[in-house]
Amino acid sequence: MSSPSQVVAIMYEVKDAQTQEVIDSNLDSRPLEFLLGAGQVISGLEKAVASAKKGDKLNLSIAPEDAYGVYQADFLQEVPRDQFEGISLEKGMTLFGQAEDGQTVQVIVKDFSDTSVMIDYNHPLAGKTLLFDVEIADMREATAEEIMQGRAGGCSSGCGCGSNETHDSGGCCGGGGHSCGCH
């Protein structure tokens, strides 16, 4: 069993269980490294790899509750269209804005009319069961610096997803060139 001071490196591909669409993969790049227990990846993935060892191959089905949460209808909000002046709106497009607390938030345009826009604050993968094919590329003890920082490596260009309580950008596991980042 791995301890919270372990760094895990994985190769992965993740699909939407309903559509079988590949959502994210690092099979053509380098392994994703993360510090176990630091919340750098979704909780279901973290729990599954915690008891694995180097070389293990895992096929996982991760429920929304252990991924990006269940879809919440109360995360929909209708706002005046004039708040989107100068933006060519399209259904399904992702926009970034600023919350009242100054944090950057990601929203999806669900629908719009001449007078209003329906935006969705749910994570793009909320409500989805995710299918992971994972290979444990490496497991090692974390350095003192990694433990202190709460993350593996230097992590300046994205190294994993937030937990299901966060509403960061899309993508599933992050890593070099992927759409997730550290939080």
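Residues numbered from 1 in each chain as written. Predicted model: local features only at pLDDT ≥ 70, side-chain atom pairs only at ≥ 80, totals over all residues. Heavy atoms only, no water.

This paragraph deals with the nonpolar core. In this structure, Ile10, Leu45, Val49, Phe132, Val134 and Ile136 are the most contacted members of the largest nonpolar core, which totals 24 residues. Of all the elements in the fold, those that place two or more residues in this core are β1 (6-16), β3 (32-35), α1 (43-50), β4 (57-62) and β9 (130-141). Top element by residues in this core is β9. It accounts for five residues. Setting aside residues up to four positions removed in sequence, isoleucine 10 forms contacts with Asn26, Pro31, Leu32, Phe34, Leu45, Val134, Glu135, Ile136 and Ala137. Core analysis: the next-biggest nonpolar cluster, separate from the first, contains eight residues, Phe84, Leu95, Val109 and Ile119 among them. (Core = buried A, V, L, I, M, F, W, Y, C linked by side-chain atoms within 4.5 Å. Buried < 20%, exposed > 50% of the residue type's maximum accessible area, 1.4 Å probe, protein only. Helix = DSSP H or I, 4+ residues; strand = E, 2+ residues; numbered from the N terminus. Contact = heavy atoms within 4.5 Å.)

This part is about α1. Every buried residue of α1 is accounted for by Gly44, Leu45, Glu46, Val49 and Ala50. Considering only its buried residues, α1 is in contact with β1, β3, β4 and β9.

Chain-level pLDDT for the protein is 84 on average; 81% of the residues reach the 70-or-more range. Within the model, pLDDT remains below 50 along residues 154-172, and this stretch shows 78 contacts once partners closer than five positions in the same chain are excluded. Every residue in residues 174-183 is under pLDDT 50, and counting partners more than four places away or in other chains gives 45 contacts. (pLDDT = per-residue confidence, 0-100.)

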